[in-house]
Amino acid sequence: MSERLVPVVCPYCGVGCRLYIRSVDGYPVGIEYAKDIPNISNELGKLCPKGNAVVEYLLAKDRLKRPLKAKEQGKFVEISWSEAIKEVAERLKAYAKDDPNQLMFFGSARTFNEPNYLVQKLARMLGTNNVDHCARLCHAPTVTGLKAVFGAGAMTNTYKDIEEANVIFIIGHNYAETHPVGFRYVLKAKERGAKVIVADPRFTRTAWFADIFLQHYPGSDIALINGLIHVIIKERLYDEKFVRERCVGFDEVVAAVEKFTPEFVEKVTGVPAELIIEAARTFATAGKGVITWAMGLTQHTHGTENVKLLGTLAAICGYQGKEGAGCSPMRGQNNVQGACDMAALPNVFPGYQAVTDPEKRKFFEEFWGVELSGEVGLTTVEAAYAADKGKVKAYYVMGENPVISEANANHVMHTLEKLEFMVVQDIVPTPTMEYADIVLPAAAMLENEGSLTNTERRVQWSFQAVKPPGEARPDWWILSEVGKAIGFDKTGSGGFVYNDAADVLREINACTPQYRGITPERLKENLAGLHWPCPSEDHPGTRVLYKEKFLTPSGKANLAAVPEYKGPVEMPDEEYPFLLTTHRYVGMYHTATMTMRSCALKKRWPEPLAEIHPDDAVKLGIKSGDWVKVVTRRGAYPIKAKVTRAVKKGVIAVPWHWGANVLTNDALDPVAKIPETKACACNVAKITEEEARKLMEKLPPLIPKIEVVRG
Amino acid sequence: MARKTVFIDFSKCIECRACEVACEREHSGMSFISVFEWQEMAAMALNCRHCEKAPCVEVCPTNALYRDKDGAVLLAPQKCIGCLMCGIVCPFGIPELDLINKIMGKCDLCAHRRAEGKLPACVETCPTDALIYGDFNEIVKKRREKFTEKTIELAKTAERIPLTGV
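This one's a predicted model, so the numbers in the text were calculated from it and none came from an experiment.

Student: Any chance you could explain the packing of aromatic side chains here in plain terms?
Tutor: Between two aromatic rings, the relevant description is the distance of the centres plus the angle of the planes. All names here are of chain A. Within the structure shown, the criterion is met by 31 aromatic pairs over all chains. Ring centres 6.5 Å apart and planes at 85° place the aromatic pair phenylalanine 496 and tyrosine 498 in the edge-to-face group. Note on phenylalanine 496: relative accessible area 0%, which makes it buried. Taken together, a centroid distance of 5.8 Å and an interplanar angle of 65° make the contact between tyrosine 585 and tryptophan 658 edge-to-face. Of this pair, tyrosine 585 sits in the loop between β23 (578-583) and α23 (599-604) while tryptophan 658 sits in the loop between β27 (651-655) and β28 (680-686), and the two are 73 residues apart along the sequence. Classification of tyrosine 585 as buried rests on a relative accessible area of 12%.

Put into structure tokens, the structure is as follows:
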């Protein structure tokens, strides 16, 4: 018997906490807090409830142990790895021969950088740029918006800067609930005397700690931020030197915010004018400020504009390029940043090098030794519609669950039924798997090793703590086998021959400028990790971006002017009088595939509750605990009601982990292609428990029973 | 005697329940700390206070409840008869009946972790430092120090009033 303590990175949210897994003979028995590692993102080894329950999902009874092949929908037979790999490779090769754009690949923000690099390499070597991952559904506007303003789409600072700030503006982000360990730094700043401004349609746990709370209507962010900029410009509170020397486009901003007087903004957002003025003054005069946001801001048809305006707000106040200031988009999953960096995106090569740029394409053509497509590929939602039309025929889904995570889930399920071939590579059965033709059992994050990039651009190495169950294999191994079977069996960067994850990272070092100095050896030695950009092996990593200049062609920040106010695409009307918004619970994680398999978490967050204002509840005759039916133009969803003043009158808030996306709108942001999950019109009615049960049968089951038959 | 216990700063609690999950993991599926929401969105954790004059220890008919060398009130399971007396006299309603073994269970300030020189799991994990393990006098002293520091800081940054000529 050998007991070991292995340092890993938490497999849940984007904070990237370190912890130790205690294992006996490769079997997990407990965890230990990483108190002894200096400078990690979770100071003193602090963990949230999900981090504490990290071992439980590894031991889930229904972990996938052998490759499966579908007989009919939802019924599978066990096959061997060689059969599975052979079939996947042959089918992919056949589609690629016909027309590579019939293929669609999904990377995953829940696995390491290495498999994400490999999945996009596989897609691109097969001749298509149709590769995307769930960042499309959470932070795509952040990438496009920040890139437009500052030249790169990543967090411009680190947690240390949040701790050092004098004012923290949190918008569309329930920080305390989504990233409890990250919220630690906000509270530490507050203890030091920093002011906290929170803007959210719900009175969240984060709002409880706010000095100024702006409760605006879902989807009215443009008006709110423009209102703040209006006051700052009118009262000349902006940083004139910074604007003169490092920004362009200020005059347009002045003209664009002209009409957003506090009085006008009050009408649109429902926030009192005095509060807007007070917030603007507090924010602009603090000296050092951080803006943080998340899905409440981005999941809109105008998500990109929202982010651009926040960048503008930070820039005109001079809150860029120095310590204690910056823009901090908070990523939801532990490797969203990494999956984006590795280019599991349809428009860029690793390191955000555009596929349309002939020079960059030439580099990768030489590097991988194949001809590459210069045409921008499909995003997740676009792929669903292309599949509906028969243009996309095969999906390769790695660690994703589109049936629950994508907006307008009913349409997604309809699409998946139409596909000719679908491969799902995951650790447990998901509702998406019911539509799969081949299921490949993957090792969970703690059962294999690799590098991860957290929300503050910190790249860390996670070691293998336990053995994978049955024949489950690491993601990089599966992809490299598929690649070899397709015929990319050369050694070096032109093929898929790898010995371990470190090999893949060395290849990433060679082709990604930001990761050039982040070698596996350095990461394994330095548990606290390195912040990219790290251009060479002796570079210490970069904590604050844009100290001298921005990454835009001119080196200056392009301030964004958004003169037109746009609300949600779908506004309440007579038929659908309420505004629906979605949110999340602290103990649940994304599509709940992992958290619902953990007793401690399931016990505490057993079911979703729809939040409704007392006045609305009285009108509809609803009490806390009653079953209600929420209906939108796309679907119906049964849920229990919770009467609370946390939401505004006319707003219904539903947690989305349990599949509430059958309701949400898939209207897209034109630039970032993110669906508007956070606001749409809905109707609410009281129903009996029996009706609720009936409705529930029509929804995809969160934990499906995958039937394995003989023969 | 300097006795240590877990103190709770409810103004920092974000109701994430990390303490509950950590306690449950350390005590084979039973959590001896609970988080309560007491006003919309405001919450606090409640656990055993390990009272100076502990009613549970006083009433226990079999002496199953005792103090260890750090002053924590522990339960000797082999002596417990599950009479529920301790649960009734405790002003916080802390000791609970373990329904399977029919004996009581309560917070032991993670005796197994303290033996290794570690903090109780709930304190170790609390992301916002709402839980503090320490001696009452020390904590009060620290709070006073912090208050004084803040006041001095405030005085420094306040408008400088010329003291001469007052």
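Moving on from the model shown.
Student: Would you mind going over the interface of chain A and chain B with me for this structure?
Tutor: How big an interface is tends to be expressed through the accessible area that disappears when the partners come together. With 33 residues of chain A in contact, the opposing surface of chain B contributes 33 residues. Between chain A and chain B the total buried area reaches about 2800 Å² when both faces are included, carbon and sulfur atoms providing 50% of it. Counting across the interface, chain A meets chain B through eleven salt bridges. A salt bridge links Glu24(B) to Arg604(A); the shortest N-O distance between them is 2.7 Å.

Student: Looking at this structure, how should I read the side chain of His216(A)?
Tutor: Residue and element names in this part refer to chain A. Looking at the secondary structure, you find histidine 216 in the loop between β10 (212-214) and α8 (221-234). Assessed through its relative accessible area of 1%, histidine 216 is described here as buried. Among all residues touching histidine 216, those that are not within four sequence positions of it are Ala199, Asp200, Pro201, Asp221, Leu224, Thr269 and Val271.

Student: Explain unusual backbone geometry here, please?
Tutor: Most peptide bonds adopt trans geometry, and most residues besides glycine take a negative phi value. Cis geometry marks the peptide bond from Trp532(A) to Pro533(A); its omega dihedral reads 0°. Tracing the chain through its elements places Pro533(A) in the loop between β21 (530-531) and β22 (557-558). Positive phi values are uncommon outside glycine, yet His50(B) reaches one of about 50°. With respect to the helices and strands, the residue His50(B) is situated in the loop between β3 (42-47) and α2 (55-59). The backbone of Lys102(B) sits at a positive phi, close to 55°, despite the residue not being glycine. Summarising the element assignment, Lys102(B) is placed in the loop between β6 (96-98) and β7 (103-105).

Student: Would you mind going over the side chain of Asp341(A) with me for this structure?
Tutor: Residues and elements named next belong to chain A. Note on placement: aspartate 341 falls in helix α15 (residues 336-341). Although aspartate 341 is buried, it forms no salt bridge, and the closest oppositely charged side chain is arginine 331 at an N-O distance of 6.4 Å. Within polar-contact distance, the side chain of aspartate 341 engages the side chain of tryptophan 532 at 2.6 Å. Setting aside its immediate chain neighbours within four residues, aspartate 341 contacts Pro350, Gly351, Tyr352, Thr453, Tyr515 and Trp532.

Student: What am I meant to see in the confidence of the model for chain B here?
Tutor: Caution is warranted with low-pLDDT regions, since their predicted coordinates should not be read in detail. Per-residue pLDDT for chain B averages 89, and the proportion of residues at 70 or more is 93%. Taken together, the chains of this predicted complex give a pTM of 0.94 and an interface ipTM of 0.91.

Student: I tried to follow the pattern of salt bridges on my own but got confused; where do I start?
Tutor: A pair can form between side chains of opposite charge whenever their charged atoms are brought close. Residue and element names in this part refer to chain A. Scanning the model with the defined rule gives 56 salt bridges over all chains in all. Of the charged contacts in the structure, one is a salt bridge between glutamate 43 and lysine 188, with a shortest N-O distance of 2.9 Å. Within this pair, whereas glutamate 43 is found in the loop between β3 (27-33) and α1 (49-52), its partner lysine 188 is found in helix α7 (residues 180-192), the two being separated by 145 residues in sequence. Since its relative accessible area comes to 25%, glutamate 43 is described here as partly exposed. The salt bridge partner of glutamate 382 is lysine 673, with a shortest N-O separation of 3.2 Å. Taken as a pair, glutamate 382 in helix α17 (residues 380-388) and lysine 673 in the loop between β27 and β28 lie far apart in primary sequence, 291 residues in all.

Student: Just checking my understanding: could you explain the layout of surface pockets for this structure?
Tutor: Any empty space left between the atoms is revealed when a probe the size of a water molecule rolls over them. Its boundaries defined by the atoms lining it, the largest pocket holds a volume of some 1000 Å³. Surrounding the largest pocket, 34 residues form its lining, Glu191(A), Lys12(B), Asp129(B), Ile132(B) and Lys146(B) being those nearest its centre. Mapped by element, the contributors of at least two residues to the lining of the largest pocket are α7 of chain A together with α5 (121-125), β8 (131-135) and α6 (136-157) of chain B. Per-element accounting of the lining of the largest pocket gives the leading share, nine residues, to α6(B). Taken domain by domain, the lining of the largest pocket gets at least three of its residues from each of domain 1 (3-59) and domain 3 (140-330 + 554-558) of chain A.

Student: What is the right way to read a nonpolar patch on the surface from this model?
Tutor: On the surface, a nonpolar cluster with roughly 290 Å² of combined accessible area is contributed by Tyr27(A), Val29(A) and Leu59(A). Positionally, Leu59(A) belongs in the loop between α1 and β4 (68-72).

Student: Looking at this model, I keep getting lost on the packing of α8(A) against helix α12 (residues 273-284) of chain A. Mind explaining?
Tutor: When two helices pack together, their arrangement is given by the angle between their axes and by how far apart the axes lie. All names here are of chain A. At a closest axis distance of 9 Å, the pairing of α8 and α12 adopts a crossing angle of 65°. When the axis of α8 is compared with that of α12, the two are roughly perpendicular. In terms of crossing hand, the pair formed by α8 and α12 is right-handed. Two secondary-structure elements touch here, α8 through Leu224, Gly227, Leu228, Val231 and Ile232 and α12 through Ile276, Ile277, Ala279, Ala280, Phe283 and Ala284.

Student: Explain the pairing of strand β18 (residues 438-441) of chain A to me, please; I cannot follow it from the model alone.
Tutor: As a general feature of sheets, a regular strand has side chains that alternate between the two faces. Residues and elements named next belong to chain A. With burial as the criterion, each face of β18 is covered, one bearing Ile438 and Leu440 and the other bearing Val439 and Pro441. Taken together, the four bridges between strand β17 (residues 421-426) and β18 define a ladder with parallel strand orientation. Paired with valine 424 across the strands is valine 439, a residue of β18.

Student: I would appreciate a short explanation of the sheet that holds strand β26 (residues 636-643) of chain A in the present structure.
Tutor: Note: strands within a sheet are paired through backbone hydrogen bonds, in either parallel or antiparallel orientation. All names here are of chain A. Taking strand neighbours around the barrel as the criterion, the six strands line up as β23-β27-β24-β26-β25-β28 in a closed arrangement whose pairing is mixed. Taken pair by pair, the neighbouring strands of this sheet meet at an average axis angle of 45°, ignoring direction. As paired elements, strand β24 (residues 609-612) and β27 share two bridges and run antiparallel to each other. Note on β27: the bridge partner recorded for isoleucine 612 is isoleucine 652. Those strands touched by helix α25 (residues 689-698) are β25 (627-631) and β26, and its axis lies near 45° from that of β25.

Student: I keep staring at empty space enclosed by the protein and nothing clicks. Help me out?
Tutor: Residues and elements named next belong to chain A. Tallied over the full model, the rule gives nine cavities of 30 Å³ or more. Computed from the structure, the largest cavity encloses a volume of approximately 370 Å³. Mapped onto the lining of the largest cavity, the elements with two or more residues apiece are α13 (295-298) and β23. Of the residues assigned to the lining of the largest cavity, the class counts are eight nonpolar, 16 polar and six charged.

Student: Please explain the confidence of the model for chain A as it appears in this structure.
Tutor: Taken over all residues, the pLDDT of chain A has a mean of 94, while the share at 70 or more is 100%. The element-level mean pLDDT for chain A is lowest in strand β29 (residues 707-708) of chain A, coming to 86, with strand β8 (residues 167-171) of chain A highest at 97.

Cut-offs and rules
- Residues numbered from 1 in each chain as written.
- Chains lettered and ligands numbered in written order.
- Predicted model: local features only at pLDDT ≥ 70, side-chain atom pairs only at ≥ 80, totals over all residues.
- Heavy atoms only, no water.
- Phe/Tyr/Trp six-rings, centres within 6.5 Å; stacked < 30°, edge-to-face > 60°.
- Buried < 20%, exposed > 50% of the residue type's maximum accessible area, 1.4 Å probe, protein only.
- Helix = DSSP H or I, 4+ residues; strand = E, 2+ residues; numbered from the N terminus.
- Contact = heavy atoms within 4.5 Å.
- Buried area = accessible area lost by both parts, 1.4 Å probe.
- Salt bridge = Lys/Arg side-chain N within 4 Å of Asp/Glu carboxyl O.
- Lys, Arg positive; Asp, Glu negative; His and termini not counted.
- Polar contact = N/O pair within 3.5 Å; in protein donor to acceptor, adjacent residues only side chain to side chain.
- pLDDT = per-residue confidence, 0-100.
- 1 Å grid on protein atoms, 1.4 Å probe; cavity = no way out; pocket = protein on both sides within 12 Å on 5 of 7 lines; lining within 4 Å.
- Points joined across faces, edges and corners; volume = space filled by probe spheres on them.
- Domains from an automatic or database assignment.
- Patch = residues over 30% accessible without salt bridge, like charges linked within 9 Å, V, L, I, M, F, W, Y side chains within 5 Å.
- Areas by Shrake-Rupley, 256 points an atom, 1.4 Å probe, with all protein chains shown as cover.
- Axes fitted to C-alpha atoms, helices over the stretch in contact; angles between N-to-C directions.
- Parallel < 35°, antiparallel > 145°, perpendicular 65-115°, else oblique.
- Left-handed = near helix turned anticlockwise from the far one by under 90°.
- Pairing = 2+ DSSP bridges.
- Nonpolar A, V, L, I, M, F, W, Y, C, P; charged D, E, K, R; others polar.

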